[in-house]
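The chain contents come next:
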Amino acid sequence: MALGMALVAGGASAADASPALTAATTPVTFDCRADPPFESVVFATEQTITTNVPSRVRVGTMFSGSGAADPYYVPTEVNGIANRELRDFTLTMQLSGPASVTGASYSGGANLGPGIPSVTTTATTVTLKVPGPLTAGTWVTLPTITINAVAASTTGTVELRVAGTSYADPGLRVTSVVPLDPDPPIIAPSSCFPSPSPVLSSTVIYRR
């Protein structure tokens, strides 16, 4: 899975509305662990996140962000344990610095199962949840996310990262369904966080 985020300024003068954009592609390694009683199952997965953001935005400016996810291959096994499908794929992105999230929406996506995705926000986070199920052995494309935000009245640098600092504070949650035919499957949620947690993009908030 790779999530691209493009932030575009608006709501100011024509010059401010079309700032120079800076593109970056950043690999992110997630440290993951299954929830109890399967906490002995620890694994890592690497995602690539592409960002395309304005290098700077004037104070008080509204700006919007949109991003499309690269295709993600749903694994058939994790650490040698069979996986039938993934459910409740939940990824949180975090914005820090002098700006606030004012809303978000999603569009598109492919092979996401019958569940309806959703996007929720706080003043500093955007969370995409894809209920699935996402069938093992298939490629899926996560929805495109559009974020609306506003720069504060103070100067500084706005940074975008994947949220999460530990298993107890995850930025990614996902549930694996382990087949045990003819017995009922095991439902095994996992918590993941970026380790390390690179800055995906940065935008300077400036005063004219």
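The coordinates are above.
Summarised in this report is the structure supplied together with it.

Conventions used here
Residues numbered from 1 in each chain as written. Predicted model: local features only at pLDDT ≥ 70, side-chain atom pairs only at ≥ 80, totals over all residues. Heavy atoms only, no water. Helix = DSSP H or I, 4+ residues; strand = E, 2+ residues; numbered from the N terminus. Buried < 20%, exposed > 50% of the residue type's maximum accessible area, 1.4 Å probe, protein only. Contact = heavy atoms within 4.5 Å. Phe/Tyr/Trp six-rings, centres within 6.5 Å; stacked < 30°, edge-to-face > 60°. Lys NZ or Arg CZ within 6 Å of the ring centre and 35° of its normal.

Time to look at the overall build of the protein. Scanning the protein from terminus to terminus reveals 1 helix and 21 strands. Here the protein holds 208 residues, and 43% of them are scored as buried. Restricting the contact set of the protein to residue pairs at least 6 apart, pairs at least 24 apart contribute 77%.

Attention now goes to the packing of aromatic side chains. For the structure on display, the rule yields 3 aromatic pairs. Summarising the aromatic geometry, the rings of Tyr-73 and Trp-139 are spaced 5.3 Å apart at their centres and angled 55 degrees between planes, so their arrangement reads as tilted. Of the two residues, Tyr-73 sits in strand E8 (residues 72-73) while Trp-139 sits in strand E16 (residues 139-140), which places them 66 residues apart along the sequence. On the accessibility criterion, Tyr-73 (37% relative accessible area) is partly exposed. Ring centres of Tyr-167 and Phe-193 lie 5.3 Å apart, and the angle between their planes is 75 degrees; this geometry places the pair in the edge-to-face category. Residue Tyr-167 is located in the loop between strand E18 (156-162) and strand E19 (172-180), and its partner Phe-193 is located in strand E20 (residues 183-194); the two are separated by 26 residues in the primary sequence. On the basis of relative accessible area, Tyr-167 is assigned to the partly exposed category, the value being 22%. With relative accessibility at 11%, the residue Phe-193 sits in the buried group. Here the guanidinium or amino end of Arg-56 rests over the ring plane of Tyr-206, the centre of that ring lying 4.0 Å away.

Function cannot be read off these values alone, since they describe shape.
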